[in-house]
Amino acid sequence: MEIPPQEAPPGPGADAAAADADAEEAPAEAGSPSAASPPADGRLKAAAKRVTFPSDEDIVSGAVEPKDPWRHAQNVTVDEVITAYRQACQKLNCRQIPKLLRQLQEFTDLEQRINCLDLKGEKLDYKTCEALEEVFKRLQFKVVDLEQTNLDEDGASALFDMIEYYESATHLNISFNKHIGTRGWQAAAHMMRKTSCLQYLDARNTPLLDHSAPFVARALRIRSSLAVLHLENASLSGRPLMLLATALKMNMNLRELYLADNKLNGLQDSAQLGNLLKFNCSLQILDLRNNHVLDSGLAYICEGIKEQRKGLVTLVLWNNQLTHTGMAFLGMALPHTQSLETLNLGHNPIGNEGVRNLKNGLISNRSVLRLGLASTKLTCEGAVAVAEFIAESPRLLRLDLRENEIKTGGLMALSLALKVNHSLLRLDLDREPKKEAVKSFIETQKALLAEIQNGCKRNFVLVREREEKQQLQLSASMPEITITAPQPLEEPGDLPAMGAQNGAPSPGPDPDSDSDSDSDREEQEEEEEEKQQAQQRAEGGADQSPSAPCPALIASTDSLGPGDKSPPGSPSSPAEQRISVSSPGRGHKVFVVTRVESPPERPEPPVPPTFVSSPPPSPPSPPASPPSQTMDIQDPESSEAQPQPEPSQAGQPLPNGLKPEFALALPPEPPPGLEAKGGSCSLEHALHRPPGASKLEELLLEASQEAPRDTL
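Each value, and the rule that gives it
Residues numbered from 1 in each chain as written. Predicted model: local features only at pLDDT ≥ 70, side-chain atom pairs only at ≥ 80, totals over all residues. Heavy atoms only, no water. Salt bridge = Lys/Arg side-chain N within 4 Å of Asp/Glu carboxyl O. Helix = DSSP H or I, 4+ residues; strand = E, 2+ residues; numbered from the N terminus. Buried < 20%, exposed > 50% of the residue type's maximum accessible area, 1.4 Å probe, protein only. pLDDT = per-residue confidence, 0-100. Contact = heavy atoms within 4.5 Å. Expected span 1.5 Å × (residues − 1). Phe/Tyr/Trp six-rings, centres within 6.5 Å; stacked < 30°, edge-to-face > 60°.

(A) Structural detail: the pattern of salt bridges. In this structure the tally under the stated criterion is 18 salt bridges. When the shortest N-O distance is used, the salt bridge between Asp-118 and Lys-99 registers 3.6 Å. With Asp-118 in strand E3 (residues 114-118) and Lys-99 in helix H4 (residues 98-106), this pair connects stretches of sequence that are 19 residues apart. A salt bridge links Asp-428 to Arg-398, with the shortest nitrogen-to-oxygen separation between them at 2.9 Å. Of the two residues, Asp-428 sits in strand E14 (residues 426-428) while Arg-398 sits in strand E13 (residues 398-400), which places them 30 residues apart along the sequence. Under the relative-accessibility criterion, Asp-428 is labelled buried at 10%.

The following block contains the structure:
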C-alpha cells in the first residue's frame, strides 16, 4: 500500500523539500517511521510513507481448542471429589466445610443432576468459594442453596462465574445475602444471561440497588431462561422497579414474579406494574403482598388487567390498604380478563360496600376459581353479597372468609347458596361461632357451619363421581369383543319366566362375576375350589327343602363343567370350553375366551342323577323329579330349544334346556398340569357357531350313563 506524498505549497524552498523527500525514500521503504527534521523556516516537509503486512502464514501462528468444562466429570467417584476438594482447601489455606463433606459422602448417582447442595448458613469467604470449584467442575445439581452464607462481592462473583461456566444448578437460592454488591450482581446478571439451564432464582432480602439494577434488567430483557424470580424485600421501589418492569415487557420466559415487601407506592411503582401487565401476556403469577399499592395504584393495575386476555392467572394483593373504592376499579376490570383464576384480597379494609362493588364483576368474570377475602371487615351484609356470587358461580372451587364477623344471618345465606352450588369444594370460616345477643343463635351457628361443610363434601363427591363417569365413558368408547350391561341378580323362580318372555338372550356371562384372574393357573385353581364346594352342596342337598336356592345362583360362570361353557352352535368337544372374563374396572367389558383342555383320564367320582333332555331338534320335556330333589321343576315353556342359550347367570337354564343343577353333577376339572392351555381370544368363536347337535347329544348321554343309578 503506497500513500502519495502531499504536495508542498509553492515557495522558494520547494526544490530543497523535493530533494530531501528523495533522500528519505529508502528509509521509508525499509519501514522506518522516522521523519525528516523540519526545515529552518518551520514548515513541515512532505514525505512518502508506505505500510506493508506479513503473509497469512506468518500472521496465524497456531490455534487452541476451548477447554471442555466437563473434562473432569467423566467416570468420577465420590472419593475423587472429596480428595480434590480437600487438596484445594489445603492449597488455598482455607477451612473445609463439614456440612459439605457429609453431603458428598451421601451422594450415590453422580451421572445425573443431584437433588440439592445445601450450604445454608455456612459463611463463605472468597477462598472458601474458590475451593468449591473442585466440586462444581465434577458434579451438577438441581438446587444450590446459598441462603444466608454472608457472601461478599468477591465470593459472590466467583461462585456465579462457576455456576455459569459449569451449569451447576437449575434452582439457585441466594437470599439473605446483603453484601453481594455491584460486582456480585453484575456476575449474577451475566449468569442469568448465559446459563440456559437456570430456571429459578430466589433473591429474597438481597438488596438490588440503583447501581446494580441496570445489569439485572439488561439480562432479563435480552435473553434469560428464568421462569421464577423472587425479589421480596429487595428495595425495588423507584428506579430499580422502573428498570425491571421495562425490561420484563419484552421477556416471554418469566412465569412467576414475586415483589412482596418492597414498599411499592400507589403512583409511579403501580403505574410501572400496570404498563408491565399491558405488554406482557406470559406472566402468570404476580405477588404484590405487603406493599402500599392503595386504591390509586390499583387503578393503574386494573388498566393492565383489562389487557390480560390469556396471561395472568394469580394476582395477590394481600395487605395493600385497599378499600371499597379500589374494589370498584377491580369490579370493572374483572369482566375483561379470561385467565385470572386466583384473586387474593385478604387483610384489606374492603368492607361490605367493597364486596358489593366486586360482586357484579365476579359474576361476569366466569374464570375466578379461588377468592381470598380473609380479614376484610365483612359482616352478615357482606356475606349475603358473597352468597349471591356463590349461587351464580358454576366454577368457584375455594373461598376464604376467615377472620370476619359473619354471624347467623351470613352463615344462613352461605348455607342456602351452597344448596344450589355444585362446584365449591372448600369454604374457610372461623371454627368458633361468633358471639350473639341470643345464646340460642350460637347453636344455630354451629349447625349452619356443619351444613356448610357437608355441602362442600357433597360437592367433592359429585365432582369425583363425574370424573369417574367421564373415565368410564372414555374406556367404553374403546372397541371390545362383547359388551354387556350390568344386570341385577334375579330370584331363581323368575329367571325361567323372564327367559320365556324375552326370547333367547345373547350368550353373555354374568356381569356381576368379577373373574379377572392374572393368569390361567389362578383361574384354574379358583374353578376347582368352586366345583368342589358345589359338589359338597349338591351331596347334602337331599335334606334341603324344595324351595331352597340352588348353589349355582352364587357360583360364577367358571364353576360350570367343561361341557356347559360352550354355547350351542359351537364345537362342543369335551376338550373345549368357553370362559367369560369380565373387567370390572373398565365398565364391565366381557371377553369370550376359548380354552382347549385335555379330557380327564382318571375315573369320575359318583355324582347325583342328572336329567337328560331330548335332542335339540325337538323340544325337551320336563323329566320326573324325585321327592328329595332340591330344585323345583322348571316350566316346560321356558325349556324349549333356543338358537342361543341364556346368559350364564345364577339360576338360568343351561345350554339345550338343562337344569342349573347339572353343573353340580359334573366331575371337577383336572389339575392345571393336565391341561393343554391353548386358549385364544377370537371374534370368530363368538360369531360363527356350527350346529354340532350330534356331539352335544353324545356328551349328554355319556354323562347320564356314567352316573350311578342306585342313588335314586
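Don't stop here, the text continues.
(B) Seen up close, the confidence of the model for the protein chain. Put simply, the protein chain has an average pLDDT of 74, and 59% of its residues get 70 or more. In this model, residues 1-36 is a region of pLDDT below 50 whose contacts with residues beyond four sequence positions or in other chains number 20 contacts. For the stretch residues 540-576, pLDDT sits under 50, and the model shows 98 contacts to residues farther than four places along the chain or on other chains.

(C) Structural view of helix H7 (residues 153-166). For H7, with 14 residues, the first-to-last C-alpha span of 20 Å sits near the 20 Å given by 1.5 Å per residue. Burial analysis of H7 places ten of its 14 residues in the buried class, which makes it a mostly covered element. For H7, the complete set of buried residues consists of Gly-155, Ala-156, Ser-157, Ala-158, Leu-159, Phe-160, Met-162, Ile-163, Glu-164 and Tyr-166. On its buried face, H7 is in contact with helix H5 (126-131), helix H6 (133-136), strand E5 (171-173) and helix H8 (181-194). At the C-terminal side of H7, Glu-167 shows a positive phi close to 50°.

(D) Examining the packing of aromatic side chains more closely. Using the criterion set out here, one finds three aromatic pairs in the structure. Between Tyr-165 and Tyr-166, the ring centres sit 4.9 Å apart and the planes meet at 80°, which makes this aromatic pair edge-to-face. Looking at Tyr-165, the relative accessible area reads 39%, which means it is partly exposed. Given the relative accessible area of 6%, Tyr-166 is considered buried. The structure contains a cluster of three or more aromatic residues connected by ring pairs, namely Phe-107, Phe-136 and Phe-141.

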